[in-house]
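Structure at a glance
Chain by chain, the residues run as shown.
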Amino acid sequence: MEALNLALFVVEAVAYFTLMVMLLHFRHRLGLGVFLTALGVMHFMETYLAAVFYVSLPFGDVSPGSSVFFSGKLMMILMLYLQEDAATVRQPIYGLFFGNLLTVGIAWVLQLHHPLEISPDHTPDVDFLKEMGWLMVWGTALLYVDSLGIILLYEKLGDFFRRRVVLRFMICGFALLTFDQIGFFAALHYFLDVPVAAFWGGWKAKMFAVCLYAVMFAIYEYRIRRVGSAAAARSISDVFGDLTFRERYNDLLERTGRDMLTGVYDRTRMELEAPLMLNEASRQGLFATVLIIDADHFKDVNDGYGHLQGDEVLKAIAARLGTTLRSSDRIFRFGGEEFVAVCPGTNHEEGLLLAERLRWTIATSVQTPDDKPVTVSIGIATADEDGTSFTTVLSVADGRLYEAKKSGRNCIVGRSGVVKLS
């Protein structure tokens, strides 16, 4: 009997892997949705079989639901990542996560019904439904962690086995399915009193399944897909960011707090970010310089040429600031025709040179409609020589900007007074 069960175990694993690989291989013709749907519909059956359906194999009592189908699902998620990318594979990860939670939620609602006994021999087992609900919740959480973990571990192993994709595939399966066996069996033992002896049988069966899947994966890679070279290495943080939608958050963050006219960050964003930038520079033992840039006689531009032309001048100034400053610097629209630049890792002397370059660039490249040059005045202050808090440093820079205006404009004023006047 054990030999027959083992043969059926192998047949189930081969059949599952073959079908799923076919759907994955032809995903561009059939659509990725076919593969993802097939991957997701078996979760309840996997959980049910893991709870009640066990067979005897040479290495112990085993549930095919956990050892064959769940193991296969996790390895197929890794294969999807290898065929596509992290941004694609997160679709089944989150789809399975939320779909399973929805299934559990509906199961809990169903428990509130008072069902009719239509068939005397088939009565609803509400207690079992509750147990299955908790198992589904726990299994869903483990699946989420497993899916992220197997991909991140695969990438990390690339530091040691860049071209040995099958070996990395196998090691990832061994590691994450061992973790899953520990986590899921704990729930089986707690909710259903599954004996501890079944843990070792299930673990051995999962390791055996990984070996089967690794062999079939190798055949697919080198006989069907014919991979010629390893994929380019990616950092773990980049992959994790894709898996957790971090790039979507970063993009949303970039789009918020922007000045609608010039495209630079607005004052609200400045009040949030600038203090953090100064604190981080201080923590690293670095200076941070703040510049306030004000367009000279800007009211005359608006009055003489109209507000639309004034807007074009402001956009041109913002563009010059953006191209002159470093990527680590931040430029904010402070209000009206004033801009604030925060430059971490820049001491006062370097800030003066940067300010002069900004002043000269704008004076020589930004013009009014009648080709008159547009100039700016700049006040400069540096943390922590002029203060430790952003508010204090900004106030000092603002006072020096006022001095620049009184000194005839088109100049910069730092700690030593007017530095450039033309």
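Residues numbered from 1 in each chain as written. Predicted model: local features only at pLDDT ≥ 70, side-chain atom pairs only at ≥ 80, totals over all residues. Heavy atoms only, no water.

Side chains of Met22, Phe26, Leu30 and Val34 sit close together on the surface and give an oily, nonpolar patch of about 340 Å² of accessible area. You can see methionine 22 is positioned in helix 1 (residues 2-25). (Patch = residues over 30% accessible without salt bridge, like charges linked within 9 Å, V, L, I, M, F, W, Y side chains within 5 Å. Areas by Shrake-Rupley, 256 points an atom, 1.4 Å probe, with all protein chains shown as cover. Salt bridge = Lys/Arg side-chain N within 4 Å of Asp/Glu carboxyl O. Helix = DSSP H or I, 4+ residues; strand = E, 2+ residues; numbered from the N terminus.)

This part covers the confidence of the model for the protein. For the protein, the mean per-residue pLDDT works out to 86, and 91% of the residues sit at or above 70. Here helix 11 (residues 246-255) is the element of the protein with the lowest mean pLDDT, 59, and strand 3 (residues 288-295) is the one with the highest, 97. (pLDDT = per-residue confidence, 0-100.)

For the rest of this paragraph, the subject is the UniProt feature "transmembrane region" (unreviewed entry) in the protein. Annotation from UniProt places "transmembrane region" (unreviewed entry) at residues 6-26, 33-56, 62-81, 93-112, 132-154, 166-192 and 198-220. Annotation note: span residues 132-154, helix share 100%, strand share 0%, distance between end C-alpha atoms 32 Å. Between the C-alpha atoms that bound residues 198-220 there is a distance of 32 Å. The span itself is 100% helix and 0% strand. (UniProt positions renumbered as here; feature names shortened; annotations may be inferred.)

For the rest of this paragraph, the subject is the pairing of strand 3. Most of strand 3 is tucked away, with 8 of its 8 residues classed as buried. Burial of the side chains of strand 3 extends over both faces: Ala288, Val290, Ile292 and Asp294 are buried on one face and Thr289, Leu291, Ile293 and Ala295 on the other. Pairing between strand 3 and strand 6 (residues 376-383): 8 bridges, direction antiparallel. Its bridge partner lying in strand 6, alanine 295 is registered against valine 376. (Buried < 20%, exposed > 50% of the residue type's maximum accessible area, 1.4 Å probe, protein only. Pairing = 2+ DSSP bridges.)

It is worth spelling out helix 15 (residues 348-365) at this point. With 18 residues, helix 15 ought to run about 26 Å at 1.5 Å a step, and its terminal C-alpha atoms sit 26 Å apart, in line with that. Of the residues that open helix 15, the one with a side-chain oxygen 3.2 Å from the backbone nitrogen of glutamate 349 is asparagine 347. (Expected span 1.5 Å × (residues − 1). Polar contact = N/O pair within 3.5 Å; in protein donor to acceptor, adjacent residues only side chain to side chain.)

Counted as a void, the second largest pocket has a volume near 160 Å³. Every residue along the wall of the second largest pocket is listed here: Leu36, Gly40, Val41, His43, Phe44, Pro92, Gly95, Leu96, Gly99, Asn100, Thr103 and Met136. Broken down by secondary-structure element, the contributors of at least two residues to the lining of the second largest pocket are helix 3 (32-40), helix 4 (43-52) and helix 6 (86-110). In terms of residues, the lining of the second largest pocket owes the most to one element, helix 6, which gives 6 residues. Split by residue class, the lining of the second largest pocket holds 6 nonpolar, 6 polar and no charged. (1 Å grid on protein atoms, 1.4 Å probe; cavity = no way out; pocket = protein on both sides within 12 Å on 5 of 7 lines; lining within 4 Å. Points joined across faces, edges and corners; volume = space filled by probe spheres on them. Nonpolar A, V, L, I, M, F, W, Y, C, P; charged D, E, K, R; others polar.)

For the rest of this paragraph, the subject is unusual backbone geometry. Note the cis peptide between alanine 383 and aspartate 384, where omega equals 10 degrees. Assignment of secondary structure puts aspartate 384 in the loop between strand 6 and helix 16 (390-406). In this structure, histidine 297 is a non-glycine residue whose phi angle is positive, near 50 degrees. Located in the positive-phi region is arginine 409, a residue other than glycine, with phi close to 70 degrees.

The subject of this paragraph is the packing of aromatic side chains. How two aromatic rings sit relative to each other is given by the distance of their centres and the angle of their planes. With the rule as written, the count across this model stands at 12 aromatic pairs. Consider the rings of phenylalanine 160 and phenylalanine 161, whose centres lie 6.5 Å apart with planes at 55 degrees: the pair is tilted. What makes phenylalanine 160 exposed here is its relative accessible area of 59%. Judged by its relative accessible area of 26%, phenylalanine 161 is partly exposed. Here tyrosine 265 and phenylalanine 332 contribute two aromatic rings whose centre-to-centre distance is 5.9 Å and whose plane-to-plane angle is 40 degrees, an arrangement assigned as tilted. Of the two residues, tyrosine 265 is situated in the loop between helix 11 and helix 12 (267-283) and phenylalanine 332 in strand 4 (residues 330-335); the sequence distance between them amounts to 67 residues. One aromatic cluster in this structure is built from Phe185, Phe199, Trp200 and Trp203. Over the ring of tyrosine 154 we find arginine 168; its NZ or CZ atom is 3.8 Å from the centre of that ring. Between the NZ or CZ atom of arginine 258 and the centre of the ring of tyrosine 265, over which it lies, the distance is 4.1 Å. (Phe/Tyr/Trp six-rings, centres within 6.5 Å; stacked < 30°, edge-to-face > 60°. Lys NZ or Arg CZ within 6 Å of the ring centre and 35° of its normal.)

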